[in-house]
Amino acid sequence: MGPRDLWATFQDSVADLEGANALRVVEGKVIAIDASVWIVEAVQQQQMRKKFDPRRAVLKLFFDRIVRLLTVGGATLVVVLEGDSRGDRSGRCSSRGGLFRLRCEDVAMLSKNMGVACVQAEGEGEACCAALAAAGL
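Definitions and cut-offs
- Residues numbered from 1 in each chain as written.
- Predicted model: local features only at pLDDT ≥ 70, side-chain atom pairs only at ≥ 80, totals over all residues.
- Heavy atoms only, no water.
- Helix = DSSP H or I, 4+ residues; strand = E, 2+ residues; numbered from the N terminus.
- Contact = heavy atoms within 4.5 Å.
- Areas by Shrake-Rupley, 256 points an atom, 1.4 Å probe, with all protein chains shown as cover.
- Salt bridge = Lys/Arg side-chain N within 4 Å of Asp/Glu carboxyl O.
- Buried < 20%, exposed > 50% of the residue type's maximum accessible area, 1.4 Å probe, protein only.
- Pairing = 2+ DSSP bridges.
- Axes fitted to C-alpha atoms, helices over the stretch in contact; angles between N-to-C directions.
- Phe/Tyr/Trp six-rings, centres within 6.5 Å; stacked < 30°, edge-to-face > 60°.

### Some points on the overall build of the chain
Alright, step 1. Counting secondary structure elements, the chain contains seven helices and three strands.
Alright, step 2. In the chain, the order of α-helices and β-strands from amino to carboxyl end is α-β-α-α-α-β-α-α-β-α.
Alright, step 3. Contacts spanning at least 24 positions in sequence make up 73% of the contacts within the chain whose residues lie at least 6 apart.
Alright, step 4. For the chain, the exposed surface amounts to about 8700 Å²; the carbon and sulfur share of it is 54%.

### Considering the pattern of salt bridges
Alright, step 1. Scanning the model with the defined rule gives six salt bridges in all.
Alright, step 2. The salt bridge partner of D53 is R56, with a shortest N-O separation of 2.8 Å.
Alright, step 3. Of the charged contacts in the structure, one is a salt bridge between R103 and D106, with a shortest N-O distance of 3.2 Å. One end of the pair is R103 and the other is D106, both in helix α6 (residues 98-113) and three residues apart, which spans about a single turn. Each member of the pair R103 and D106 is classed as buried.
Alright, step 4. Among the charged side chains, a salt-bridge network with shared partners connects R55, R103 and D106.

### Details of the sheet that holds strand β2 (residues 76-81)
Strand pairing in a sheet relies on backbone hydrogen bonds, with the paired strands running either antiparallel or parallel.
Alright, step 1. If you walk across this open sheet you meet the three strands as β1-β2-β3, and the pairing is parallel. Both outer strands of the open sheet, β1 (30-34) and β3 (117-120), are each paired with one neighbouring strand and no more. Strand-to-strand twist across the sheet, computed as the mean angle between neighbouring axes with direction ignored, equals 25°.
Alright, step 2. The pairing of β1 with β2 spans five bridges and is classified as parallel. Counted as the bridge partner of A32 is V78 from β2.
Alright, step 3. In this fold helix α2 (residues 35-44) packs onto β1 and β2, with an angle of close to 55° to the strand it touches most, β1.
Alright, step 4. In the packing of helix α7 (residues 125-134) onto the sheet, the strands contacted are β1 and β2, and the crossing angle to β1 comes to about 165°.

### Observations concerning the environment of R55
Alright, step 1. Its place among the elements puts R55 in helix α4 (residues 54-72).
Alright, step 2. The class of R55 is partly exposed, set by a relative accessible area of 37%.
Alright, step 3. When the C-alpha atoms of R55 and V107 are compared, they prove to be 9.6 Å apart, with 52 residues separating the residues in sequence.
Alright, step 4. Not counting the four nearest positions on each side in its chain, R55 is found in contact with R103, D106 and M109.

### Some details on the packing of aromatic side chains
Alright, step 1. Within the structure shown, the criterion is met by one aromatic pair.
Alright, step 2. Ring geometry for W38 versus F62: centroids 5.1 Å apart, planes at 65°, classification edge-to-face. Taken as a pair, W38 in helix α2 and F62 in helix α4 lie far apart in primary sequence, 24 residues in all. Residue W38 shares its accessibility class with F62, and that shared class is buried.

In structure tokens form, the structure reads like this:
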């Protein structure tokens with residue numbers, strides 16, 4: 001459900017955002033990426049799980065999306081890793097332990113090697129992305 005005729009209102013705008021045209025929207029913009037979302041997407045996609053172990057799935061998804069946003073979209077990227085909502089500087093990636101922590105480390109390494117900024121949020125990655133956007137990033 002939702003407001004009546006909501007999709008009809010956006011119909012013309014959405015039609016312009018299909019395929020490669022969608023990347024025009026980010027051209028010249030700075031984009032903060034909540035790494036947790038992409039990590040979860042990578043390890044849960046069935047097609048990725050068929051071809052890659054979780055580490056390689058995360059690296060492939062990040063690499064492909066970063067390349068697309070940098071080259072085709074012409075965007076500047078900032079990858080945001082989850083922190084700990086209690087203010088622990090080691091971050092939730094560390095306090096969660098296990099595979100998620102390792103995936104965060106992989107993402108940080110890949111981002112650095114691709115020349116993409118990677119920051120550790122003090123709390124939720126999503127909240128940090130919103131704060132960066134509100135600050136005019």
